[in-house]
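Notes for the structure review
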Amino acid sequence: QVQLVESGGGLVQAGGSLRLSCAASGRTVTTYAMGWFRQAPGKEREFVAAISWSARTSYADSVKGRFTISRDNAKNTVYLRMNSLKPEDTAVYYCAHFTYYSGTYSPRDVDSWGQGTQVTVSS
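Below you will find a few notes about this structure. (Residues numbered from 1 in each chain as written. Predicted model: local features only at pLDDT ≥ 70, side-chain atom pairs only at ≥ 80, totals over all residues. Heavy atoms only, no water.)

**Some remarks on the environment of Thr68**
Note the threshold: Helix and strand definitions follow DSSP, with helices as H or I runs of at least four residues and strands as E runs of at least two, each counted in order from the N terminus. When a residue's accessible area, from a 1.4 Å probe over protein chains only, is under 20% of the maximum for its type it is buried; when over 50% it is exposed; and in between it is partly exposed. By definition in these notes, contact holds between two residues if any of their heavy atoms fall within 4.5 Å.
Looking at the secondary structure, you find Thr68 in strand β7 (residues 67–72). For Thr68, a relative accessible area of 42% puts it in the partly exposed group. With near-sequence residues (within four places) excluded, Thr68 lies in contact with Tyr59, Tyr79, Leu80 and Arg81.

Right, dumping it as structure tokens:
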């Protein structure tokens, strides 16, 4: 089992930036990829970004060009840099751990979830 601890959420004005961090511990040798999902009130949890063990990145269309996912293998930590934030980016952001890749990064394939961190973008 892998444990995930997130940090870095908060309140920011539209156009601003935030960086989220997710530190993994436990059986990290099982990692295929780590990523981020988000869930706004009344909506389903949706994919945001992921980075594989080979550093291959994947992004949702809604965040391409604004968000950047990266990792520090020595620290078992993944980061999500969010620029040009919009009010529609407001959500709880969850770190996710994958032990395999099914062809898409789906919530069904997530092995472990972080506790979530709130991101609020004011207009």
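**What to know about the side chain of Ser52**
Tracing the chain through its elements places Ser52 in strand β5 (residues 46–52). Accessibility expressed as a relative area gives 2% for Ser52, which makes it buried. Leave out the neighbours within four places in its chain, and Ser52 touches Tyr32, Ala33, Arg71 and Tyr105.

**A look at the sheet that holds strand β3 (residues 18–26)**
Pairing between the strands of a sheet is mediated by backbone hydrogen bonds and can be parallel or antiparallel. Where we set the bar: Note on pairing: two strands pair once DSSP finds at least 2 bridges between them. Helix axes use the C-alpha atoms of the stretch in contact, all axes being lines fitted to C-alpha atoms, and the angles between their N-to-C directions lie in the range 0 to 180 degrees.
If you trace the 4 strands from one edge of the open sheet to the other, you get β1-β3-β8-β7, paired in antiparallel fashion. The sheet is open, and its two edges are formed by β1 (2–7) and β7, each paired on a single side. Taking the axes of each pair of neighbouring strands and ignoring which way they run, one obtains an average angle of 20° across the sheet. Where β1 and β3 come together, 6 bridges link them in antiparallel fashion. By the bridge assignment for β3, Glu6 is matched with Cys22.

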